[in-house]
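Working through the structure, step by step
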Amino acid sequence: MSLYATANQTVGPFLHIGLAWLNTDRIAAPGVQGERVTIQGRLLDGDGVGVGDGMIEVWQANAQGKYAHPEDKQKKPLDPAFRGFGRIPTSAKGAFRFSTIKPGGVPGLDGTLQAPHLVVSVFMRGQLKHLATRIYFPDEAANAKDPILALVPSARRGTLVAKKIAGRESALEWNVVLQGRGETVFFDF
Amino acid sequence: MSKLRGYRRPHPGTQPDYDYPPYASTAKRHPTQPLVIAPQTLSELTGPIFGHDDLKPGDHDLTRQHKGEPIGERIIVSGRVLDENGKAAAHTLIEIWQANAAGRYPHRTDQHDAPLDPNFSGAGRALTDAEGRYRFVTIRPGEYPWRNHHNAWRPAHIHFSLFGPAFMTRLVTQMYFPGDPLLEYDPMYNCIADEKARKRLISTFDWETTVPEHALGYRFDIVLRGEEATPMEKNGK
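Everything quoted here is computed from the prediction, not taken from an experiment.

**Things to note about the overall build of chain A**
Along chain A, the regular secondary structure elements total two helices and 12 strands. Going from the N terminus to the C terminus, chain A shows its helices and strands as α-β-β-β-β-β-β-β-β-α-β-β-β-β. Its C-alpha atoms give chain A a radius of gyration of 17 Å, within 12% of the compact-globule value 16 Å for 189 residues.

The structure is reproduced here in structure tokens:
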């Protein structure tokens, strides 16, 4: 039996009516093990204007590099208090902010190891299907050997790496730029 | 780690493009650089899992969320969620949202001059059962104008959001109603090049789920991306 996947359609301008109940900007509850980090940024359209009717969804492993999912068969401990999912709406000015813990490295393909990262889906009015991207961490030696980052033209890799915010410990900035200068890298998996 | 299977890429024409000029808002919101084609790793082959603890009883019934009953034609929307291999997507979360019977959303940016219904919020949630079946009770949403082009009206629709088993299977779509005269003029509906794929967004009237003296039934089956037939690559330890 072979079917074709149902077509995607836009979330439209009223997405939050159906989706806000699951908004989660604190991905790691107190007590979850790991290095705390806050990530903030803006979702910007082709004119550099903030997208006020959008949201991002985040999926990540725990501090050990283990996903709370049966497909992850690594012998690493799960943290029962940690699902690893976030859904963060943008503000009227396109801003978003969430807190979590830095995930551990997870396996790549063919025995490689991936650098710590979050996978991100981006949704908004004006988009007929969501976009997939990733957030990596600054000053992370493993980035240089990450098999997915390696597929990205070097000049554009920086769009996937969050930046430190001067004077604010454990706060990072990461923006989603839809078009033009500094356009974020999106993936086709 | 043993071998991981990846999800199939979409069949040509069955999914929309990011840049679609008839839907004016895509102009400033689509990537201009090509997407980077990448293999699916453990990060994409896993995803959040939700369960009954995440829901409240009655979340699937949009007609019973307030003191009174909403105005409009009561309907039952049900179907099955499968993957491309025909396998049921069991215990997966479905979120829906929609306009009220007059074509109005209870949202600050909806300026359409149609009445709000104090007995209708327009949001529901359900988990599929072990066979991938789901069922919502709601009212038939109204059509409403939007400003995409002159005299633009959206056909009646219900927004659907599904997770499936992995980051790869995330799907947001819209369900339409059979015989809607607005469909042929709707950029959202027409953004899908393949006619059969487009028509699969239209629910079918369903005697089987129609409840006598109570509500008409509409059936809407949903297909999520399915795994490749053979394992694609070995995975690291």
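Still more ground to cover, so stick around.
**Some remarks on the overall build of chain B**
Within chain B one finds three helices and 12 strands. Counting only C-alpha atoms and orienting by the principal axes, one finds that chain B spans roughly 55 × 40 × 35 Å. Out of the 237 residues in chain B, the part that is buried amounts to 44%.

**Observations concerning the environment of Ile75 of chain B**
Residues and elements named next belong to chain B. Residue position: Ile75 is located in strand β2 (residues 74-83). Under the C-beta neighbour-count criterion, Ile75 is labelled buried, with 24 such atoms within 10 Å. For Ile75, the contacting residues outside a window of four places in its chain are Thr138, Ile139, Arg140, Ala215, Leu216 and Tyr218.

**Examining the pairing of strand β11 (residues 216-219) of chain B**
Residues in a regular strand point their side chains to alternate faces of the sheet. Residue and element names in this part refer to chain B. The pairing of β2 with β11 spans four bridges and is parallel. Looking at the pairing, Ile76 lines up with Gly217 of β11. Alignment of strand β10 (residues 204-205) against β11, held across two bridges, turns out to be antiparallel. Pairing of Phe205 across the sheet is with Tyr218, part of β11.

**Remarks on the interface of chain B and chain A**
You'll often see interface size given as the accessible area lost when the parts meet. Taken together, the 70 residues of chain B in the interface contact 62 residues of chain A. When residues of the side of chain B that touches chain A are traced back to their parent elements, those giving at least two are β1 (36-37), α1 (42-45), β3 (93-98), β8 (157-162), β9 (171-176) and β12 (222-224) of chain B. Across the side of chain B that touches chain A, the residue classes break down as 34 nonpolar, 24 polar and 12 charged.

**Notes on the sheet that holds strand β4 (residues 123-127) of chain B**
All names here are of chain B. Judged by pairing direction, the sheet is antiparallel, and its four strands sit side by side in the order β4-β3-β8-β9 without closing on themselves. Whereas interior strands pair on both sides, the edge strands pair on one side only; in this sheet they are β4 and β9. For this sheet the average axis-to-axis angle between neighbouring strands, irrespective of direction, equals 25 degrees. Pairing of β3 with β4 involves five bridges; the strand directions are antiparallel. When the bridges of β4 are listed, Leu93 appears paired with Leu127.

**Digging into the environment of Ser25 of chain B**
With respect to the secondary-structure elements, Ser25 of chain B resides in the segment before β1. For the pair Ser25 of chain B and Asn148 of chain B, spaced 123 residues apart in sequence, the C-alpha separation works out to 7.8 Å. Each residue touching Ser25 of chain B, except ones within four places of it in the same chain, is listed here: Arg125 and Gly126 of chain A.

**Side note on the nonpolar core**
Core analysis: the largest hydrophobic core is formed by 101 residues, its most contacted members being Val122 and Ile135 of chain A together with Leu162 and Leu224 of chain B. Tallying contributions element by element places strand β7 (residues 117-124) of chain A first for this core, with six residues.

**Some points on the confidence of the model for chain B**
Where the model shows low pLDDT, its predicted coordinates should not be examined in detail. In the predicted model, chain B carries a mean pLDDT of 94, and 95% of its residues have values of at least 70. What the predictor reports for the complex is a pTM of 0.96 with an ipTM of 0.97.

**Things to note about the environment of Glu208 of chain B**
As for its placement among the helices and strands, Glu208 of chain B is situated in the loop between β10 and β11. Sequence-wise, Glu208 of chain B and Tyr218 of chain B are 10 residues apart; in three dimensions their C-alpha atoms are separated by 9.2 Å.

**Things to note about unusual backbone geometry**
Residue Asp139 of chain A is not a glycine yet carries a positive backbone phi of 55 degrees. If you trace the backbone, Asp139 of chain A turns up in the loop between β8 (131-136) and α2 (154-157). Assessed through the 7 C-beta atoms surrounding it within 10 Å, Asp139 of chain A is described here as exposed. One non-glycine residue, Glu213 of chain B, lies in the positive phi region at around 60 degrees. Topologically, Glu213 of chain B is positioned in the loop between β10 and β11.

Quick notes on the rules
The residue numbering used here restarts from 1 in each chain and proceeds along that chain's sequence as written. Labels are handed out in written order, letters beginning with A for the chains and numbers beginning with 1 for the ligands. Note on the predicted model: pLDDT of at least 70 is required for a residue's local features to be given, and 80 or more for side-chain atom pairs to be given and counted; whole-chain, interface and lining totals, by contrast, use all residues. Numbering of helices and strands starts at the N terminus; helices are DSSP runs of H or I of at least 4 residues and strands are runs of E of at least 2. The size measure is the radius of gyration over C-alpha atoms, and the globule rule it meets is 2.2 Å times the number of residues to the 0.38 power. Buried means a residue has 20 or more other C-beta atoms within 10 Å of its own C-beta, exposed means 12 or fewer, and partly exposed covers the counts in between; C-beta atoms are placed from the backbone. It is the C-beta atoms, placed from the backbone, that decide contacts: two residues are in contact if theirs lie within 7 Å. The rule for pairing is simple: two strands pair if DSSP sees at least two bridges between them. Residue polarity is assigned by list, with Asp, Glu, Lys and Arg as charged and Ala, Val, Leu, Ile, Met, Phe, Trp, Tyr, Cys and Pro as nonpolar; anything else, Gly included, falls into the polar class. Angles shown run from 0 to 180 degrees and are taken between the N-to-C directions of axes, each axis being a line fitted to C-alpha atoms and, for helices, limited to the stretch in contact. Here, a nonpolar core means buried Ala, Val, Leu, Ile, Met, Phe, Trp, Tyr and Cys residues linked by C-beta atoms lying within 7 Å of one another. In predicted models, pLDDT denotes the confidence assigned by the predictor to each residue on a 0 to 100 scale.

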